[in-house]
Amino acid sequence: MTAGKNGMKHKYLGNGRYNTYKHAVFQLSILCFLFFVLISVCSANEVAEFDQVNTPQGAVILIVDGLSSCYIYPEYTPYAIDGSVLDKAEPEQILQIFDQSCRVLDITAPQTFTEGGHSVLATGYSKADGELVASSGTTVYDVAHDNGYLTFAIMEKGDSSGMRSKQNVIVHDAENSITEPEMIIETNMLSGDGKSISLEIADLMQENSIELQDQLDQYPDGSQEKYDAYDIWAIDTAIELMDHMEREYPEQHYILTINVGAVDCAGHYKKNSGYIATIKGIDNATMDLYETCIENDMAFIFTGDHGMSFATADSRGGHQADKYSIMTESQKVPLVIAAKDVNTGTIEGQFGQEDIAPTILEVLNLPGKLRAADGTAIPVKDYVSLKVQVPGEGQLTLIQNEDIIFESKINDAISFVGLEPDMDYKLKYNPISDAEKDIEKVINIGSSTIIELVTSSNQSTSDKSYHNPRYIIGGTLIVCVNLAGLALIRKVLKE
Ligand SMILES: [Zn+2]
């Protein structure tokens, strides 16, 4: 990484990118414009981006309900409880996606049932339940909202009330039925610009929901085609939603969560062979989704809530009852991630499903806190982020290897994105007010971290006050004014 040598302090980027000091007046007008935009969205975070950073526009999380990696990862062989070897799916397109992505080999789900799995995925906490998902500040969706994201979901299962409450718009199957689904659209937290976007997405979901029953009615009950159509509907709706967002709101960040339900149903009702056939049934649609993610600069995340086990190849499957839940086939879920800055290849070593939520934040360069998480981010990228919260206005300096890589006045908080991991960094904070003392701190950042600098006179700084939009706007205004002033001074000096 060369950011330090390049003199980061000359490349401080506010919420826009100001790599040169030319055209100061033009920049000032841009800053004023940005300020008004920021007031309207109330979600600003100061960001200092180092070179080479490509933050995705958002993330698409495809959860295949009941999909165990044992049946699709080339390295694994699935076994029945009686010890016999089971059939594996070899989904051609999905295997191709594996080759172009970061694939984590060994992920264990701590709770092998739907609500547990989804709760762990959302919160990064291994013992999470729907209630924890519902409480504030616990999920990737909360952190995303704090950073100006919208959240959408298409869920055929895993639609606990907690999960639903964290989505701006969700369409979910209240019946969990492949034969007669009852698709319900729910909206939450509608405000500002997000409101009209969310209502458009709700309309799109409504239109697609009306078509679903007709699509299913073409096929006999219990047929493979009907199972496949149910899953493909969810993925196709997701692609339509992404197309709409790309066309109408290309700047809007969002997380889209999809949970397809038929693979799990097939495991329960259609034996090993039907389970495998239903995995193959989403092969082409998954590739379409993946390609849309790449085209639209969205991170693609592919995983499962829990796996599936069979007593014999000819018996129905299960995952929650004791005899099933102890099986590797019930516990191992896939994790495949594709995004510009995410490395391609296979990651070995043992990880838990609780590591997925922190990893998603890492992929999105969102250095936020998951309130209850016991998981840690899997190293899928070559850089990490650091968010520093300061007790009040002051000069903040970041030093790497004796080099000052950042120096500026900060009022409230700043995120550094694109730092080299496993390095010692020195933070220096010199407050404007005499009442507070200088702080120096050396930190080693293994994965993205939040540091709260607290002085003796200011022990009560809480996360809550930081999230108050007025603080964010105030901080943003001060930084904008400082930036504009610097730019003007620089221009005057040049002339
Ligand atoms: Zn499930």
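Residues numbered from 1 in each chain as written. Predicted model: local features only at pLDDT ≥ 70, side-chain atom pairs only at ≥ 80, totals over all residues. Heavy atoms only, no water.

Helix and strand counts for the protein stand at 16 helices and 19 strands. In the protein, buried positions account for 57% of the 495 residues. If you sum the accessible surface of the protein, you get close to 20,400 Å²; carbon and sulfur atoms cover 49% of it. (Helix = DSSP H or I, 4+ residues; strand = E, 2+ residues; numbered from the N terminus. Buried < 20%, exposed > 50% of the residue type's maximum accessible area, 1.4 Å probe, protein only. Areas by Shrake-Rupley, 256 points an atom, 1.4 Å probe, with all protein chains shown as cover.)

So, about the packing of aromatic side chains. On inspection of all chains with the given rule, the structure shows 10 aromatic pairs. Centre to centre, the rings of Tyr-71 and Phe-310 are 6.3 Å apart; their planes meet at 85 degrees, and the pair counts as edge-to-face. Here Tyr-71, found in the loop between β2 (58–64) and α2 (92–99), pairs with Phe-310, found in strand β9 (residues 309–310); they are 239 residues apart in sequence, far enough to count as distant. In this pair, the class of Tyr-71 matches that of Phe-310, namely buried. Judged by centre distance (4.8 Å) and plane angle (75 degrees), the ring pair of Phe-406 and Phe-416 falls under edge-to-face. Taken together, the positions of Phe-406 in strand β15 (residues 403–410) and Phe-416 in strand β16 (residues 413–419) put the pair 10 residues apart, joining distant regions of the chain. Classification of Phe-406 as buried rests on a relative accessible area of 0%. (Phe/Tyr/Trp six-rings, centres within 6.5 Å; stacked < 30°, edge-to-face > 60°.)

Take the confidence of the model for the protein next. When pLDDT is averaged across the protein, the result is 86; 82% of the residues are at 70 or more. Below a pLDDT of 50 lies the segment residues 1–44, which in the model reaches 81 contacts outside its immediate sequence neighbourhood of four places, other chains included. Low pLDDT (under 50) marks residues 458–472, which in the prediction has 23 contacts with non-local residues, meaning those over four places away or in another chain. (pLDDT = per-residue confidence, 0-100. Contact = heavy atoms within 4.5 Å.)

Turning our eyes to something else, we now look at the sheet that holds strand β14 (residues 394–400). Strand order in the open sheet formed by 4 strands is β15-β14-β17-β18, and the pairing between neighbours is antiparallel. A single partner strand is all that each edge strand has here, and the edge strands are β15 and β18 (439–444). Shown here is a sheet whose adjacent strand axes are inclined to one another by a mean of 15 degrees, direction ignored. In this sheet, β15 lies alongside β14 in antiparallel orientation, the contact comprising 7 bridges. Bridge pairing in β15 places Gln-395 opposite Lys-409. (Pairing = 2+ DSSP bridges. Axes fitted to C-alpha atoms, helices over the stretch in contact; angles between N-to-C directions.)

Here we come to the coordination of the zinc ion. For the zinc ion, every protein donor is listed as Asp-65 (OD), Thr-114 (OG1), Asp-305 (OD) and His-306 (NE2), and the spread of their distances is 1.9 to 2.2 Å. For the zinc ion, the 4 donor atoms in the first shell make angles of 96 to 128 degrees at the metal, a pattern classed as tetrahedral. Mapping the donors of the zinc ion onto the primary sequence yields the spacing D-x48-T-x190-D-H. (Donors = N, O, S within 2.8 Å, 3.2 Å for Na, K, Ca; no water. Tetrahedral: all angles 85-135°; square planar, octahedral: opposite > 155°, others 65-115°.)

On to the side chain of Ser-126. With respect to the helices, strands and loops of the structure, Ser-126 is situated in the loop between α3 (114–123) and α4 (130–134). Given the relative accessible area of 13%, Ser-126 is considered buried. Here Asp-374 takes part through its side chain, which lies 2.6 Å from a polar atom of the side chain of Ser-126. (Polar contact = N/O pair within 3.5 Å; in protein donor to acceptor, adjacent residues only side chain to side chain.)

With that out of the way, let us pick up the environment of Gln-57. With respect to the helices and strands, the residue Gln-57 is situated in the loop between β1 (47–49) and β2. The class for Gln-57 is buried, based on a relative accessible area of 15%. The spacing of Gln-57 and His-253 is 196 residues in sequence and 5.3 Å in space, taken between C-alpha atoms. The residues contacting Gln-57, other than those within four sequence positions of it, are Tyr-149, Pro-250, Glu-251, Gln-252, His-253, Tyr-254, Asn-296, Asp-297 and Met-298.

Once that is clear, we can look at the sheet that holds strand β19 (residues 449–452). In space, the 4 strands of this open sheet follow the order β1-β16-β13-β19, with mixed pairing throughout. Across the chains shown, the open sheet's two edge strands, defined by having one partner strand only, are β1 and β19. When strand polarity is set aside, the average angle formed by the axes of neighbouring strands in this sheet is 20 degrees. Of the strand pairs in this sheet, strand β13 (residues 384–389) and β19 are connected by 4 bridges, and their pairing is parallel. Note that in β19 the partner of Lys-387 across the bridge is Ile-450.

Attention now moves to the packing of helix α7 (residues 192–217) against helix α8 (residues 224–248). Viewed as axis vectors pointing N to C, α7 and α8 meet at an angle of 155 degrees, and their least axial separation amounts to 10 Å. Classed by the angle they form, the pair α7 and α8 counts as roughly antiparallel. When you trace α7 past α8, the crossing you get is right-handed. On the side of α7, the interface is formed by Ile-197, Glu-200, Ile-201, Leu-204, Met-205, Asn-208, Ser-209, Leu-212, Gln-215 and Leu-216, while α8 contributes Lys-226, Ala-229, Tyr-230, Trp-233, Thr-237, Glu-240, Leu-241, His-244 and Met-245. Residue composition of the contact of α7 with α8, by class: 11 nonpolar, 5 polar and 3 charged. (Parallel < 35°, antiparallel > 145°, perpendicular 65-115°, else oblique. Left-handed = near helix turned anticlockwise from the far one by under 90°. Nonpolar A, V, L, I, M, F, W, Y, C, P; charged D, E, K, R; others polar.)

Before going further, it helps to spend a moment on the nonpolar core. Phe-152, Leu-256, Ile-258, Leu-289 and Phe-302 are the most contacted members of the largest nonpolar core, which has 65 residues in total. Tallying contributions element by element places α8 first for this core, with 11 residues. In this structure, Ile-61, Val-133, Ala-357 and Ile-378 belong to the second largest nonpolar core, which totals 39 residues. (Core = buried A, V, L, I, M, F, W, Y, C linked by side-chain atoms within 4.5 Å.)

So, about the pairing of strand β3 (residues 102–108). The element β3 is largely enclosed, with a buried count of 6 among its 7 residues. In the sheet, β3 pairs with strand β11 (residues 335–338) via 3 bridges, with the strands oriented antiparallel. Among the inter-strand pairings, Arg-103 is bridged to a residue of β11, identified as Val-336. Bridging between β3 and strand β12 (residues 345–352) involves 6 bridges; their strand directions are parallel. The partner of Ile-107 across the bridge, within β12, is Phe-351.

With 26 residues, α7 should cover 38 Å at 1.5 Å per step; its first-to-last C-alpha distance of 40 Å lies within 8% of that length. Of all the bends in α7, the greatest measures close to 25 degrees and is centred on Glu-211. Taken residue by residue, α7 has Gly-194, Ile-197, Ser-198, Ile-201, Ala-202, Leu-204, Met-205, Asn-208, Ser-209, Leu-212 and Leu-216 as its buried positions. Of the surrounding elements, those touching the buried residues of α7 are β4 (150–155), β5 (169–173), β6 (183–187) and α8. (Expected span 1.5 Å × (residues − 1). Bend = angle between axes of the 7 residues up to and from the residue.)

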